[in-house]
Amino acid sequence: NAGVTQTPKFQVLKTGQSMTLQCAQDMNHEYMSWYRQDPGMGLRLIHYSVGAGITDQGEVPNGYNVSRSTTEDFPLRLLSAAPSQTSVYFCASRGNPGQGNSGANVLTFGAGSRLTVL
Amino acid sequence: QQPVQSPQAVILREGEDAVINCSSSKALYSVHWYRQKHGEAPVFLMILLKGGEQKGHDKISASFNEKKQQSSLYLTASQLSYSGTYFCGTGPISGSARQLTFGSGTQLTVLP
């Protein structure tokens, strides 16, 4: 049971390049989300998904795309990277309601992906 | 709108106590506390629901003041392992962790 797995751990991009941050979970969680963490700003929600085929925007969605073709995977795409997107990105999933042990109240985070845009 | 955490940073000696506050300009329904150790992912500590009881986790407890729209995290007899950044997140009345809005964090350093 690996939990939430993010790749890559580190990435350096040049302005204008594109890339995809991968996120996979093996807990059969329907809800998945992406946060970015910046100094002094805490964790800010970028996009989230409540199940395969369903995505929605969070607080700071501009410059990012997501899709959810399977329950397990929730990739985050940067189409044209900008220096303002330099950050640490966390993927998180939540337990499904009704499965007991209050899993729906708990976010499980991946280890994070540190992205630098030059 | 992000909840406001205070203080931004606190330095303690082992065995001392600390309080971290989380307040919101909007009505609070549920408050979720997470701790992030340096270079690691945030980890769930506890959740407080509107009208619920004060919670505890080892020597860490928290309260929820509905009138003040504030939650406080109490760290008693701090241990070195308590060092890290503490985040509060606000959520819906159900307590669901969906679409949590986090504060900017409080960095806690416990010295020997």
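What you see is a predicted model; the values in this text were computed from it and never measured.

J.: Mind showing me how you'd approach the layout of surface pockets here?
T.: Rolling a probe over the atoms, with the probe sized like a water molecule, indicates the empty space that remains. Size it by volume and the largest pocket reaches roughly 810 Å³. Secondary-structure elements contributing two or more residues to the lining of the largest pocket are β4 (31–38), β9 (87–94) and β11 (113–117) of chain A together with β9 (84–91) and β11 (106–111) of chain B. Residues of the lining of the largest pocket, tallied by class, amount to nine nonpolar, 20 polar and five charged. The computed volume of the second largest pocket comes to approximately 370 Å³. Considered class by class, the residues forming the lining of the second largest pocket number six nonpolar, eight polar and three charged.

J.: Got a minute to help me understand the sheet that holds strand β3 (residues 19–25) of chain A in this structure?
T.: The pairing of strands in a sheet happens through backbone hydrogen bonds and is either parallel or antiparallel. Residue and element names in this part refer to chain A. What the four strands build is an open sheet, ordered β1-β3-β8-β7; its pairing is antiparallel. With one partner strand each, in any of the chains shown, β1 (4–7) and β7 (64–66) form the two edges of the open sheet. Averaged over all pairs of adjacent strands, the angle between their axes in this sheet comes to 20 degrees, without regard to strand direction. Pairing analysis gives three bridges linking β3 to strand β8 (residues 76–78), with the strands arranged antiparallel. Within β8, the position partnered with Leu-21 by the bridge is Leu-76.

J.: In this structure, what is going on with the interface of chain A and chain B? I would like to understand it.
T.: How large an interface is tends to be reported as the accessible area lost when its parts come together. With 21 residues of chain A at the interface, the matching set in chain B holds 21 residues. Summed over both partners, the interface of chain A with chain B comes to about 1,600 Å²; 57% of that surface belongs to carbon and sulfur atoms. Where chain A packs against chain B, one counts zero salt bridges. Along the contact surface separating chain A from chain B lie eight residue pairs in polar contact (both at pLDDT 80 or more). Among the secondary structure elements, those contributing two or more residues to the side of chain A that touches chain B are β4, β5 (42–51), β9 and β10 (107–109) of chain A. Per-element accounting of the side of chain A that touches chain B gives the leading share, six residues, to β5 of chain A. Residues belonging to the side of chain A that touches chain B are distributed by class as follows: 13 nonpolar, five polar and three charged.

J.: Explain the environment of Gly-53 of chain A here, please?
T.: All names here are of chain A. Among the structural elements, Gly-53 can be located in the loop between β5 and β6 (54–57). Exposure remark for Gly-53: the relative accessible area of 65% places this residue in the exposed category. Gly-53 sits 16 residues away from Ser-69 along the chain, and the two C-alpha atoms are 5.7 Å apart.

J.: What am I meant to see in the packing of aromatic side chains here?
T.: Scanning the model with the defined rule gives ten aromatic pairs over all chains in all. An angle of 80 degrees between the planes, with centres 5.6 Å apart, marks the rings of Tyr-34 of chain B and Phe-102 of chain B as edge-to-face. Placement of Tyr-34 of chain B in strand β4 (residues 30–36) and of Phe-102 of chain B in strand β10 (residues 101–102) is noted, with a sequence separation of 68 residues between them. Summarising the burial analysis for this pair, Tyr-34 of chain B and Phe-102 of chain B share the class buried. Put simply, the rings of Tyr-35, Phe-90 and Phe-109 of chain A together with Tyr-34, Phe-44, Phe-87 and Phe-102 of chain B touch in pairs and so form one group of aromatic residues.

J.: Is there a simple way to think about the nonpolar core in this case?
T.: A general tendency of soluble globular proteins is for nonpolar side chains to be buried together. If you look at the biggest cluster of nonpolar residues, it comprises 21 residues, and the most contacted ones within it are Trp-33, Leu-73, Leu-75, Tyr-86 and Leu-108 of chain B. For this core, the secondary structure elements donating two or more residues are β2 (9–13), β3 (18–23), β4, β5 (43–49), β7 (60–65), β8 (70–75), β9 and β11 of chain B. Those residues in contact with Leu-73 of chain B that lie beyond four places of it in its chain are Ala-18, Val-19, Ile-20, Trp-33, Leu-45, Met-46, Ile-60, Ser-61, Ala-62 and Tyr-86 of chain B. With 18 residues, the next largest nonpolar core counts Val-4, Tyr-64, Tyr-89 and Leu-115 of chain A among its residues.

J.: Can you walk me through the confidence of the model for chain B in this structure?
T.: As a general rule, the predicted coordinates of low-pLDDT regions are not to be interpreted in detail. The share of residues in chain B with pLDDT of 70 or more is 95%, and the mean pLDDT across the chain is 90. The secondary structure element of chain B with the lowest average pLDDT is strand β6 (residues 55–57) of chain B, at 68, and the one with the highest is β11 of chain B, at 97.

Rules of the game
For every chain, the first residue of the written sequence is number 1, and numbering continues from 1 onward in sequence order. Here every chain gets a letter starting at A, and every ligand a number starting at 1, in the order they are written. Restriction of local features to residues with pLDDT of at least 70 applies here, the model being predicted, together with a cutoff of 80 or more for giving and counting side-chain atom pairs; totals for whole chains, interfaces and linings are based on all residues. To obtain the side-chain values, all non-hydrogen atoms of the structure were included, while hydrogens and water were left out. The definitions used throughout rest on a 1 Å grid laid over the protein atoms alone, on which a cavity is an enclosed set of points accommodating a 1.4 Å probe that cannot get out and a pocket is an open set flanked by protein within 12 Å on both sides along at least five of seven lines; lining residues are those having an atom within 4 Å of a point. Grid points are joined across faces, edges and corners, and a volume is the space filled by probe spheres set on the points. Every helix listed is a DSSP run of H or I at least four residues long, and every strand listed is a run of E at least two residues long, numbered separately from the N terminus. Following the grouping adopted for this structure description, the nonpolar residues are Ala, Val, Leu, Ile, Met, Phe, Trp, Tyr, Cys and Pro, the charged ones are Asp, Glu, Lys and Arg, and the polar ones are all others, Gly among them. Any two strands with at least two DSSP bridges between them are considered paired. For helices, the fitted line uses only the C-alpha atoms of the stretch in contact; every axis is such a line through C-alpha atoms, and the angle between N-to-C directions lies from 0 to 180 degrees. Contacts are assigned to residue pairs with any non-hydrogen atoms lying within 4.5 Å of each other. Two parts placed together each lose some accessible area; with a 1.4 Å probe, that loss summed over both constitutes the buried area. Every case where a carboxyl oxygen of Asp or Glu lies within 4 Å of a side-chain nitrogen of Lys or Arg is listed as a salt bridge. Two N or O atoms count as a polar contact when they lie within 3.5 Å, although within protein this holds only if one can serve as hydrogen donor and the other as acceptor, and sequence-adjacent residues are included solely when both atoms are side-chain atoms. Exposed residues in this analysis have more than 50% of their type's maximum accessible area, buried residues have under 20%, and partly exposed residues fall in between, with area computed by a 1.4 Å probe over protein chains only. Here a pair means two rings of Phe, Tyr or Trp (six-membered ring of Trp) with centres within 6.5 Å. Their orientation is stacked below 30 degrees between planes, edge-to-face above 60, and tilted elsewhere. Nonpolar cores were defined as sets of buried Ala, Val, Leu, Ile, Met, Phe, Trp, Tyr and Cys residues, with membership established by side-chain atoms within 4.5 Å. Confidence of the predictor in every single residue is expressed as pLDDT, which spans 0 to 100.

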